[in-house]
Structure formats: C-alpha cells, structure tokens
Amino acid sequence: MSLPSLLLVGCGKMGGALWQGWLERGLAPSVILDRRCEAPPAPHRVVRRPEDIPADFKPDIIVLAVKPAGMEEALSSLHPFLDGTILISMLAARTIDSLRAACHEASTRIVRAMPNTPAAIGKGVTGVCSPDLDEKGRSLCTALLSAVGDVAWVGNEEQLEALTPISGCGPAYVFLLAELLEKEALRVGLPAETARLIARGTVSGAGALLEASPEESETLRKNVTSPNGVTAKALEVLMAPDAWPAAMTEAVDKAMARSREMAS
Ligand SMILES: NC(=O)c1ccc[n+]([C@@H]2O[C@H](COP(=O)([O-])OP(=O)(O)OC[C@H]3O[C@@H](n4cnc5c(N)ncnc54)[C@H](OP(=O)(O)O)[C@@H]3O)[C@@H](O)[C@H]2O)c1
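Residues numbered from 1 in each chain as written. Predicted model: local features only at pLDDT ≥ 70, side-chain atom pairs only at ≥ 80, totals over all residues. Heavy atoms only, no water.

### Focus on the overall build of the protein
In step 1: Along its length, the protein carries eleven helices and eight strands.
In step 2: Along the longest, intermediate and shortest principal axes, the C-alpha atoms of the protein span 65 × 40 × 30 Å.
In step 3: Expressed as a percentage of its 264 residues, the buried residues of the protein come to 38%.
In step 4: About 14,900 Å² of surface is accessible on the protein, with carbon and sulfur atoms providing 58% of the total.
In step 5: In the protein, which carries 26 positive and 32 negative side-chain charges, the distance between the mean positions of the two groups comes to 4 Å. (Helix = DSSP H or I, 4+ residues; strand = E, 2+ residues; numbered from the N terminus. Buried < 20%, exposed > 50% of the residue type's maximum accessible area, 1.4 Å probe, protein only. Areas by Shrake-Rupley, 256 points an atom, 1.4 Å probe, with all protein chains shown as cover. Lys, Arg positive; Asp, Glu negative; His and termini not counted. Charge placed at Lys NZ, Arg CZ, Asp CG, Glu CD.)

### Details of the UniProt feature "domain: Pyrroline-5-carboxylate reductase catalytic N-terminal" (unreviewed entry) in the protein
In step 1: Mapped onto the present numbering, the UniProt feature "domain: Pyrroline-5-carboxylate reductase catalytic N-terminal" (unreviewed entry) falls at residues 8-92.
In step 2: The span residues 8-92 is 25% helical and 19% strand by assignment, and the distance between its end C-alpha atoms comes to 17 Å. (UniProt positions renumbered as here; feature names shortened; annotations may be inferred.)

### Here we look at the environment of Thr249
In step 1: Relative to the helices and strands, Thr249 resides in helix 11 (residues 244-263).
In step 2: Classification of Thr249 as partly exposed rests on a relative accessible area of 48%.
In step 3: On a C-alpha basis, the gap between Thr249 and Pro131 in space is 30 Å, while along the polypeptide they are 118 residues apart.

### A closer look at the UniProt feature "domain: Pyrroline-5-carboxylate reductase dimerisation" (unreviewed entry) in the protein
In step 1: The sites that UniProt annotates as "domain: Pyrroline-5-carboxylate reductase dimerisation" (unreviewed entry) are residues 157-262.
In step 2: Along residues 157-262 the backbone is 82% helical and 0% strand, and the end-to-end C-alpha distance reaches 15 Å.

What follows is the structure in structure tokens.
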C-alpha cells in the first residue's frame, strides 16, 4: 500500500530526513514546497513558491517542517489548501492553538508531532498528539509516521513537550557521544582513520544491539562492565551523581525551558 500524498512545506534537515524516509517507502504523488531543496524523482515535484502549487493538487496530508518562527508566514500562504485537510506540524514550541489560529478560518485537522532525524533511514521516533482526529485520520497519520520509525501517540501537548528533549533532541546527544569518543581516540594516540572507525562503530553497534536485544539497556551496560575491571573505572566517573546523571537532568530541563520560552 502506498503512503498518502503529501504537501511537504520546508525540506531542510528535518523535513528532508522525513522525505528521504518516505520516498524510499513509496509515497503517492507529492509536492515539496521549499526554496532550495533538490528536485525529487517523478512523479513527485518541488515548487519554490506557494503560488506554483498546482491548484488541483489535493494532498491527503500537509506536513509543516519550517522553523517555528516561519509558521505564520508558511500557513498564510497555504490557505487554499488548508480547508478539510490534515496538517501535521513538526515544529517545536508551536501549540495546536497557535497552529489553528494561523490557519485562520480553515477547517484543518491539526496534528502536532515531534520527529527525529533517524527517520531518514526508517529508524525515527515520532511523538504525536491531536484532539482533532477520528479513527480514520489517526490511522492515516500512523501509517505515514510509522513508515519512518516508531510512533508514540501521547494524550496531550504537555506530554509532547516532555518528549521533545528526549527523542526530538536525543540524536544530537548520541552524535555528541560519537564526536567525544573520536576525540578521545585521537588523544590517546590512535590514527585518525582508526579513531573515526571505532567511535562511529561503537555508537552504531551499541544502538543496533539495543534494538536487537530484548534486554534492558541497564543489563546491556552491565554486560560490558566486568566487576572491578576496566569499564567499571570509567563508569565510576561517568555515573557519579554530579556527572552524567546530573548533566542529563540539567540538559533536559534547559531544553524544556527553552521550548517554553520559544512558545511564549
Ligand atoms: N532538526 C531536527 O532534528 C528537528 C527535530 C524535530 C523537529 N524539528 C522541527 O522541524 C522544523 C524544521 O527544522 P529544521 O532543523 O529542518 O530546519 P531547517 O533545516 O532550517 O529547515 C527548514 C526549511 O524550511 C524552508 N522554509 C522556510 N520557510 C518556508 C516557507 N514559508 N515555505 C517553504 N519552505 C520554507 C527553509 O528554507 P530556507 O532555508 O530557504 O529558509 C528550510 O529549507 C523546526 O520547526 C524544528 O522545530 C527539527
């Protein structure tokens, strides 16, 4: 079964990652509205200005993936397409009420989602909520979002905001870990090529094991940690209460505070 037809508005880092994932999984003829992104393969097309969207194009779903500050401008230009459609907003810190206001009088069903960039390879996680959808609309959104990874429907926007610093931002924390491991590998004297190989391979291998194994992440960590061995010494540093546990709590709190600040 092909995925629904889309109007993807904004094809940057997040929109582009989603598009790549959807493209590989069979999308009904769709249109991207973006000033710069590459032209997609036929039958899909890109338009540079909203007035170039074919007037008879009736997407099943509009996906909004512009920066939060661009919400009003983007939605005001889409007015002819908003009535009766489903709008999935990927924007951080833009509430369903603010999205509805920016759609003016249109009878748009609004869905708020928080994806992440591993969607590009079908390994994303998307948190999603909407007060507007019936079963059919919810199934359509689930089909689209689950094509690029796991989907977590949550009951309200507070929960969506709570998951943003975990799964929305989370890939950045993991990539930072890979960066730091590579720097350490260089610092302890390994050649650059080896440093890159082992840092990336370790992070991606651990992720793949986590995905494949039924074990808890804590058990997988303990499996690496021989009593009184080498890993235990490293973890004594990282797991000290004022080290990673405190840093992660502060990071999540700061991200949530920034999200609230951007929303106000
Ligand atoms: N990046 C992530 O990991 C991530 C994760 C979850 C959610 N998000 C959310 O996704 C949204 C996009 O983030 P991003 O990182 O992908 O930003 P980005 O790379 O800047 O992408 C935004 C894209 O939208 C285009 N654009 C801006 N205004 C437009 C308009 N009126 N019509 C059509 N296209 C327009 C931009 O083009 P120009 O550059 O030419 O302006 C750019 O290509 C944000 O709201 C963010 O909160 C991002």
